[in-house]
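Coordinates in review
The residues making up each chain are set out below.
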Amino acid sequence: MWLTLPLAGNLLHTQLHIMKSNIIVYISSYVGLIIIIGIASGFYTSSFLSRLKVLDILNNSLHSGKRKHFFRSSLIVIQLIIFCSFMAGALIIRSQYRFAINKDLGYYNKCILLINLGRDFMGYSSYLNTVKSEPDVIMASGTLETFPIEGQHTFAFTMYPDQNNEKYVTMDLLAVDFNFFKTMGMSVIKGRDFSEEFGSDNYNSQILNETAVKQLGLTDPIGKKVPGNVVIGIVKDFNLFSLYSNISPLSIGISDPKGLTLEQIAVHYKTGTLNSLLPTLQLEWKKIAPNRPFKYKTIEGIIENLYSSEKNLNTIVSIFALLTLIIAAFGLFSLTLFLARSRTKEAGIKKVFGSSENAIILSFLRENFILVSIAALLSIPLVLHFMTQWLNKFAFKADINWWVFGLAYITAAIVVMLTVFYHSYKVSRINPVKALRYE
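The structure reproduced in this document is the subject of the present report. (Residues numbered from 1 in each chain as written. Predicted model: local features only at pLDDT ≥ 70, side-chain atom pairs only at ≥ 80, totals over all residues. Heavy atoms only, no water.)

1. What about the overall build of the chain?
The helix and strand tally for the chain stands at 14 helices and 11 strands. Looking at the chain as a whole, 41% of its 439 residues qualify as buried. (Helix = DSSP H or I, 4+ residues; strand = E, 2+ residues; numbered from the N terminus. Buried < 20%, exposed > 50% of the residue type's maximum accessible area, 1.4 Å probe, protein only.)

Shown next as C-alpha cells:
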C-alpha cells in the first residue's frame, strides 16, 4: 500500500496519506479478511468432502457429469468475459483520448505558448512588442482566454435576434488583438481579418464563426449590423471549449486599444525553440512587470490537462484488465490441471487405440478455444452498451472499431491456449501403461 500510494494519488487527482494512527486498523482488516476467506473456503471444502459417499470415491465419479462440467466452464467464461470487456473498454477509452489529443481543433495544437498577464496589465503593448521582436517567435497576439478554454461554461454571452426576429441566439463573446487569427492559425473564410488600417475595427467591428451565421439565419452577413457591431468577416468554426461541448455561436471583437481586457498573450514559436525562448521571455517580463509572477502554459499541456481524466481512466481500466487476466489464468491453470489429471486414463486409452499426441493436445485446446470464443462474443454487447453511454458525454467522439474486440479475443485466446497447452502436452506424453494404472 505504501509503495503504490503515489501512483494511486496521481490517478485519483488527490493526495493520499497512510495515517499512522490507523495502521492497527489496516493490519486488523487484512488479518480479518484472511481469516474470513480461509474459514469460508475451508468450510466449503470440508462440508463437501464430509458428504461424499465411499462408492463415488472408488468409482471416480466426483468430477464427472455434465452439471459439474458446466459449472466449472461457466466460472472460466465469466472471468474471460470480464477480461475481454475491460480490455476492449480500455482500448476504446485510449482511442477516444488519442482522438481528443490529435483532433484538428481549427487552430494550431502545437508550438503555441500562452503567457498569463492577469487583469489590468499596464505593460501589455510594451511586452507584446518585445515578444514579437524575438527571432524564434513567428507571431504573437493578445486574447482574453487560453485555448481551448478549460471549463464547460461560457465566460461571456449576449443574445441576438435572428434575421426573422423569431428567436434569440445565445452567443459567446471573445476579445482578441490584431493578428490573433494568424497567430493561432485560424482561417477567415469570408470577408477580412481585423486590421489596424481600419480605425473602426477598434470599436464597432466583429467577426462571426460559421455556427453563428447559420443560427442567425444570415445568407450574406458581411457589412451587415448584427446588433451593436458590423460584421466584417466569417472565421471557420473552431473548438473554443473541449470536445465535450458542441461548437457554439461566437462573436469576436477587438479589445480596447490599451489591451487592459486581455489576460493572455498567445505566442507562435518555431519548433524546438521553447526551451531557449522561455528564459528570454521571463527576463523581459521581469523588466516590465517585476512584481508579477511569470506564468505560462503550452497549448499541448492545456489539451492534455483537459483530457487527463480519460488518460487516468484508461490506466485504471487497463490495470483491472491485467488483474482479471492474471486471475483468469490462475483459475484456468488450476482447472486445466484438475481436468488433465482426471482425464489421464482417457488419454492413455486414446493412445492405445492409436491416437497421436497432437490429437490429444488438440482435444484439450478445442474445448477451451470454444470457451474463449463464447466469452468474447458475450462481452461485445456489454462493452457496446457501457462504452456508447460513456462516449455520449463527448460532442466529438471516435468510432468504436471492431478491431478492439478482435484484439481482446486474440489476447485472451493466446493466454488460455498457452495455459492449457502446458498441461495437455504433459498428459499427451504420458506412457499408456502408467496412464491406465492411474487412479
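2. Some remarks on the packing of aromatic side chains
Under the counting rule described, the total for this entry stands at 15 aromatic pairs. Summarising the aromatic geometry, the rings of tyrosine 107 and phenylalanine 147 are spaced 5.6 Å apart at their centres and angled 85° between planes, so their arrangement reads as edge-to-face. Here phenylalanine 147 lies in the loop between β2 (137–143) and β3 (157–161) and tyrosine 107 lies in the loop between α4 (66–102) and β1 (112–116), a separation of 40 residues in the sequence. Classification of phenylalanine 147 by relative accessible area gives buried; the value is 0%. Seen in terms of ring centroids, phenylalanine 121 and tryptophan 285 are 5.1 Å apart; in terms of plane orientation they differ by 10°. Their pairing is stacked. Residue phenylalanine 121 is located in the loop between β1 and α5 (124–132), and its partner tryptophan 285 is located in helix α8 (residues 274–288); the two are separated by 164 residues in the primary sequence. There is no split in this pair, since phenylalanine 121 and tryptophan 285 are both buried. (Phe/Tyr/Trp six-rings, centres within 6.5 Å; stacked < 30°, edge-to-face > 60°.)

3. Here's the deal with the nonpolar core
Residues Phe147, Met184, Met186, Phe194, Phe238 and Ile252 are the most contacted members of the largest nonpolar core, which totals 73 residues. Broken down by element, this core gets its largest block of residues, 15 residues, from α4. Ignoring any residue separated from it by four or fewer positions in sequence, one finds phenylalanine 147 in contact with Tyr107, Leu114, Leu174, Phe180, Met184, Met186, Phe238, Leu240, Ile299 and Ile302. The next biggest cluster of nonpolar side chains, apart from the first, holds 24 residues, and it includes Ile115, Tyr124, Tyr127 and Leu144. (Core = buried A, V, L, I, M, F, W, Y, C linked by side-chain atoms within 4.5 Å. Contact = heavy atoms within 4.5 Å.)

4. Description of the packing of α5 against α8
Look at α5 against α8: their axes get within 10 Å of each other, and the N-to-C directions meet at 160°. If you check the angle between α5 and α8, you find them roughly antiparallel. Crossing geometry of α5 relative to α8 is assigned as right-handed. Taking contact as the criterion, the partners of Ser126, Tyr127, Thr130 and Val131 in α5 are, on α8, Leu281, Glu284, Trp285 and Ile288. Here the residues of the contact of α5 with α8 sort into 5 nonpolar, 2 polar and 1 charged. (Axes fitted to C-alpha atoms, helices over the stretch in contact; angles between N-to-C directions. Parallel < 35°, antiparallel > 145°, perpendicular 65-115°, else oblique. Left-handed = near helix turned anticlockwise from the far one by under 90°. Nonpolar A, V, L, I, M, F, W, Y, C, P; charged D, E, K, R; others polar.)

5. Considering the pattern of salt bridges
According to the stated counting rule, one finds 3 salt bridges in the structure shown. The residue glutamate 263 makes a salt bridge to arginine 119 at a minimum N-O spacing of 3.7 Å. Pair noted here: glutamate 263 is in the loop between β9 (250–254) and β10 (264–269) and arginine 119 is in the loop between β1 and α5, with a separation of 144 residues, a long-range link. (Salt bridge = Lys/Arg side-chain N within 4 Å of Asp/Glu carboxyl O.)

6. So, the side chain of glutamine 206
Within the secondary structure, glutamine 206 sits in strand β6 (residues 205–209). Looking at glutamine 206, its side chain comes within polar contact range of the main-chain oxygen of asparagine 229, at 3.1 Å. (Polar contact = N/O pair within 3.5 Å; in protein donor to acceptor, adjacent residues only side chain to side chain.)

7. Considerations on the pairing of β9
With respect to burial, β9 is a largely interior element, 5 of its 5 residues being buried. Alternating residues of β9 divide into Leu250, Ile252 and Ile254 and Ser251 and Gly253, and every residue in both groups is buried. Pairing geometry for strand β4 (residues 168–176) and β9, over 5 bridges, is parallel. Each bridged residue has a counterpart across the sheet, and for aspartate 172 the counterpart in β9 is leucine 250. By the bridge criterion, 3 bridges tie β6 to β9 in an arrangement that is antiparallel. What sits directly across from glutamine 206, in β9, is glycine 253. (Pairing = 2+ DSSP bridges.)

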